[in-house]
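Here's the letter readout for the chains.
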2 protein chains.
Amino acid sequence: MIKPIEWCGSSLRFLDQTKLPREEYYIETDDYCVVIDAITSLKVRGAPLIGIAASYGVCLAALKYFHCGFESFSSHVQNAIDELAASRPTAVNLFWALERMKRILQSARHVEEAVSSLVHEADTILQIEKESCLMIAKHGAALFSDSVSVLTHCNTGALATGGHGTALGVILQLHKQGKIRNVYVDETSPLLQGARLTTWELKKIGIEPILITDSMAGTLMQQKMIDCVIVGADRIASNGDVANKIGTYTLAVLSHHHTIPFYVAAPTSTIDSKIKNGNEIPIEERGEEELTVIQGQRVAPLDLQTYSPAFDVTPAHLVAAIITDIEVFKSPYSFD
Amino acid sequence: MIKPIEWCGSSLRFLDQTKLPREEYYIETDDYCVVIDAITSLKVRGAPLIGIAASYGVCLAALKYFHCGFESFSSHVQNAIDELAASRPTAVNLFWALERMKRILQSARHVEEAVSSLVHEADTILQIEKESCLMIAKHGAALFSDSVSVLTHCNTGALATGGHGTALGVILQLHKQGKIRNVYVDETSPLLQGARLTTWELKKIGIEPILITDSMAGTLMQQKMIDCVIVGADRIASNGDVANKIGTYTLAVLSHHHTIPFYVAAPTSTIDSKIKNGNEIPIEERGEEELTVIQGQRVAPLDLQTYSPAFDVTPAHLVAAIITDIEVFKSPYSFD
């Protein structure tokens, strides 16, 4: 089992996902600022895993300020929570997890209790995401009776969740049940999470994926090589609009055009019932270098304008079902 | 003006497009096999330019066998034509140009006449493609009265044609007429002709493009940032089905979904009236390394399956108009 993150009692150990698949390089730190940098620079990524990492980041801050008086401790840890919350804007699991940590901090009566409860809560958040993955896999796989060829986008496996994965968890479960013919993996430009991470992870668990570029999905559908698309999510609005990795919306439109079911798999921690629809989801824009420099190699002229949204929003009407840990939701969606 | 190819009397000089934008590196050769390798390895690419390069390749073969007797000369040059024809399968301009060269060879009465006529014919083919570009640009620009934001894919400029370009020629003409707001350029994965070549070429001619990944086109259309899509073509069937760089079909489906006009710009040398529809167009599949190694950097695990069609086929009903050197054709298409 791939362990992308691990709490080591007084430090956090995590896999630097930017170095995969070339190197399995782990970072161990007792500094919550290193966790913030890891989230911002995508060393740690995937909506559920960001929430988990941030929770343990709060624990590191709590240990750092352990020797302060309770008032100063609380203030410092609250600041750390605010800093962690500013690391990335789109995935709601980050805010969900930090909200839970904040409530624990606020209800503690002294430093020792706070530290112990915060660590316990972070462990609980990791455990919730792990169990969610198992339930998502079970619910998702039950949608299929015959064997299928699946297309997925970005990375939604252990690397993204700490558990068996969301969309990739469903695919793994289908594989166990002998219901997978082919798994096609979008390279997921510009950061190649599909090419770098998903293929690596699938091969580790004994599935031989077929890598394509994002731009090939259309022709595969046209040639009837894809039976369904399963992707993860970074935030789901109460009407069922889904923010996910850039390129997801294009897959949803292509699926619609070819009458192929388009599924979203996500834990309930990804649902943001406070917002009405996708227009309210903040979409992170990334810097120019993510498009002009690939794996350290410049691939475009200097001084070039880019537009680089990291996510897009798929309207609910294009989503055949949202597979969660609780149940499989179908349109019309209403998450309150 | 960018000169991607130049006949130097007894040798051919061409720009190695795989090294762009890092380096403007020219190769000069008197060996037609170097031209075959340049086409196969995409040092020279773009449907019209492949035809031009192959024509001059025939001239190099003719010069090589100049001292043979006429029968042996003819046989050697015909073999060279067959070898050049086998370099890439999809773009029909290659076969159109080589068919013209073959007719010249067959009508020559002696070696000296053959050599001189072949060089003259290759010059004519280059001239035809250059003039086609001018007419395409004129016809294409006339479609627009207001200024527009355009999305294009792959490279269809001087680098692809030897002239001002097809789709990029139209964009250049619109720019001259003050009718361009923004030019969005798809990176065009996996070989990044958009990121590497089109942005470089546009900046050279004074247009500041905005680079996006192929997977971002959908969200740009959703946000009403794109008024039309203009792409080139590698082969157009008599019913108007269009083979073009992989990812084109996805753009056509996205355009259809968002009610955005999707235009194809190509010289008549790209029309293959001998075939009924897109099903008959041979689609080249490229090797695993084009997906797993980007600019010399391995980005995916070793021993990985890939599927890598270099082109896809857009059905005629998704094409708003086909802009050629003769006129602008609209549906229903019938090229006989």
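If you're wondering where the values come from, they're calculated on a predicted model, not measured in any experiment. (Residues numbered from 1 in each chain as written. Chains lettered and ligands numbered in written order. Predicted model: local features only at pLDDT ≥ 70, side-chain atom pairs only at ≥ 80, totals over all residues. Heavy atoms only, no water.)

Draft legend 1. Layout of the sheet that holds strand β17 (residues 328–329) of chain B. Taken in spatial order, the 8 strands of this open sheet run β14(A)-β6(B)-β5(B)-β4(B)-β7(B)-β10(B)-β16(B)-β17(B), and their pairing is mixed. Edge positions in the sheet fall to β14 (305–306) of chain A together with β17 of chain B, since each has one partner strand and no second. Of the pairings in the sheet, the one linking strand β4 (residues 148–152) of chain B to strand β5 (residues 180–186) of chain B comprises 4 bridges and is parallel in character. For B:L151, the partnering residue across the bridge sits in β5(B) and is B:Y184. (Pairing = 2+ DSSP bridges. Helix = DSSP H or I, 4+ residues; strand = E, 2+ residues; numbered from the N terminus.)

Draft legend 2. Geometry of the interface of chain B and chain A. Residue-level contacts link 56 residues of chain B with 56 residues of chain A. Between chain B and chain A, roughly 4,500 Å² of surface is buried when both sides are summed, and carbon and sulfur atoms account for 64% of that area. Listing elements by their share of the side of chain B that touches chain A, those giving two or more residues are α8 (193–204), β6 (210–212), α9 (217–222), α10 (248–257), α11 (289–292), β13 (297–298), β14 (305–306) and β15 (311–314) of chain B. The greatest single-element share of the side of chain B that touches chain A, amounting to 6 residues, is contributed by α10(B). When the residues that make up the side of chain B that touches chain A are grouped by side-chain class, the tally is 28 nonpolar, 19 polar and 9 charged. Bridging between β14(A) and β6(B) involves 2 bridges; their strand directions are parallel. When the bridges of β6(B) are listed, A:Q305 appears paired with B:I210. (Contact = heavy atoms within 4.5 Å. Buried area = accessible area lost by both parts, 1.4 Å probe. Nonpolar A, V, L, I, M, F, W, Y, C, P; charged D, E, K, R; others polar.)

Draft legend 3. Region of the structure containing the relation of the copies chain B and chain A. Mapping chain B onto chain A is achieved by rotating through 180 degrees and translating by 0.0 Å along the same axis, at an RMSD of 0.0 Å. The symmetry that links the two subunits is that of a two-fold axis. With an isologous cut-off of 70% or more, the 100% of interface residues of chain B that recur at the interface of chain A puts this contact in the isologous class. (Least-squares fit on C-alpha atoms with pLDDT ≥ 70 in both.)

Draft legend 4. Examining the environment of A:S55 more closely. Relative to the assigned elements, A:S55 resides in helix α2 (residues 47–64). The residues touching A:S55, leaving out its near neighbours within four places in the chain, are A:A97, A:M101, A:A122 and A:I125.

Draft legend 5. Highlighting the packing of aromatic side chains. Residue and element names in this part refer to chain A. By the definition in use, this model includes 10 aromatic pairs over all chains. Relative to F73, the ring of F70 has its centre 6.3 Å away and its plane inclined at 20 degrees; by these criteria the two rings are stacked. Of this pair, F70 and F73 both sit in helix α3 (residues 70–85), separated by 3 residues, roughly a single helical turn. We classify F70 as partly exposed; its relative accessible area is 29%. For F73, a relative accessible area of 0% gives the class buried. Three or more aromatic residues link up through ring pairs in this structure, and these residues are F329, Y333 and F335. The positively charged end of K19 is found above the aromatic ring belonging to Y25, 5.4 Å away from the centroid. One residue, K245, lies across the ring of F311, its end atom 4.5 Å from the ring centre. (Phe/Tyr/Trp six-rings, centres within 6.5 Å; stacked < 30°, edge-to-face > 60°. Buried < 20%, exposed > 50% of the residue type's maximum accessible area, 1.4 Å probe, protein only. Lys NZ or Arg CZ within 6 Å of the ring centre and 35° of its normal.)

Draft legend 6. Representation of the side chain of B:D312 within the structure. Structurally, B:D312 can be placed in strand β15. Although B:D312 is buried, it makes no salt bridge; B:K245 carries the closest opposite charge, 9.4 Å away. (Lys, Arg positive; Asp, Glu negative; His and termini not counted. Salt bridge = Lys/Arg side-chain N within 4 Å of Asp/Glu carboxyl O.)

Draft legend 7. Broad picture of the confidence of the model for chain A. Taken residue by residue, chain A gives an average pLDDT of 97. The fraction at 70 or more is 100%. Complex prediction metrics read pTM 0.97 and ipTM 0.96. (pLDDT = per-residue confidence, 0-100.)

Draft legend 8. Region of interest: the state of the cysteines. All names here are of chain B. For the structure shown, the criterion picks out 0 disulfides over all chains. Unpaired in terms of disulfides, C133 finds its nearest cysteine sulfur in C154, a separation of 15 Å. C133 sits in the buried class, given a relative accessible area of 2%. (Disulfide = S-S within 2.5 Å.)

Draft legend 9. Broad picture of the pairing of strand β4 (residues 148–152) of chain A. All names here are of chain A. Counting buried positions along β4 gives 5 out of 5 residues, so the element sits mostly inside the fold. Burial along β4 is two-sided: V148, V150 and T152 and S149 and L151, pointing in opposite directions, are all buried. Pairing between β4 and strand β7 (residues 228–231): 2 bridges, direction parallel. By the bridge assignment, V150 is partnered in β7 with C228.

Draft legend 10. View of helix α7 (residues 167–176) of chain A. All names here are of chain A. For α7, a buried count of 7 out of 10 residues is recorded, marking the element as mostly surrounded by other parts of the structure. Those residues of α7 not exposed but buried are A167, L168, G169, V170, I171, L172 and L174. Of the residues flanking the end of α7, it is G178, one or two places downstream, whose phi is positive at about 70 degrees.

Draft legend 11. Main features of the packing of helix α2 (residues 47–64) of chain B against helix α3 (residues 70–85) of chain B. All names here are of chain B. Running from N to C, α2 and α3 cross one another at 150 degrees; their axes reach a closest spacing of 9 Å. If you check the angle between α2 and α3, you find them roughly antiparallel. Crossing handedness for the pair α2 and α3: right-handed. Here α2 contributes A54, G57, V58, A61 and A62 to the contact with α3, which in turn contributes F73, V77, A80, I81 and L84. Residue classes in the contact of α2 with α3 are distributed as 9 nonpolar, 1 polar and no charged. (Axes fitted to C-alpha atoms, helices over the stretch in contact; angles between N-to-C directions. Parallel < 35°, antiparallel > 145°, perpendicular 65-115°, else oblique. Left-handed = near helix turned anticlockwise from the far one by under 90°.)

Draft legend 12. Spatial organisation of the pattern of salt bridges. Residue and element names in this part refer to chain B. Within this structure, the stated rule accounts for 30 salt bridges over all chains. The salt bridge partner of D16 is K19, with a shortest N-O separation of 3.7 Å. Classification of D16 by relative accessible area gives buried; the value is 1%. Residue classification places K19 among the partly exposed positions, given a relative accessible area of 29%.

Draft legend 13. Summary view of the pairing of strand β10 (residues 262–265) of chain B. Residues and elements named next belong to chain B. Covered by surrounding structure in β10 are F262 and V264 together with Y263 and A265, the residues of both alternating faces. Note: strand β7 (residues 228–231) against β10, 3 bridges, orientation parallel. Residue pairing for β10: V231 is matched across the bridge by V264.

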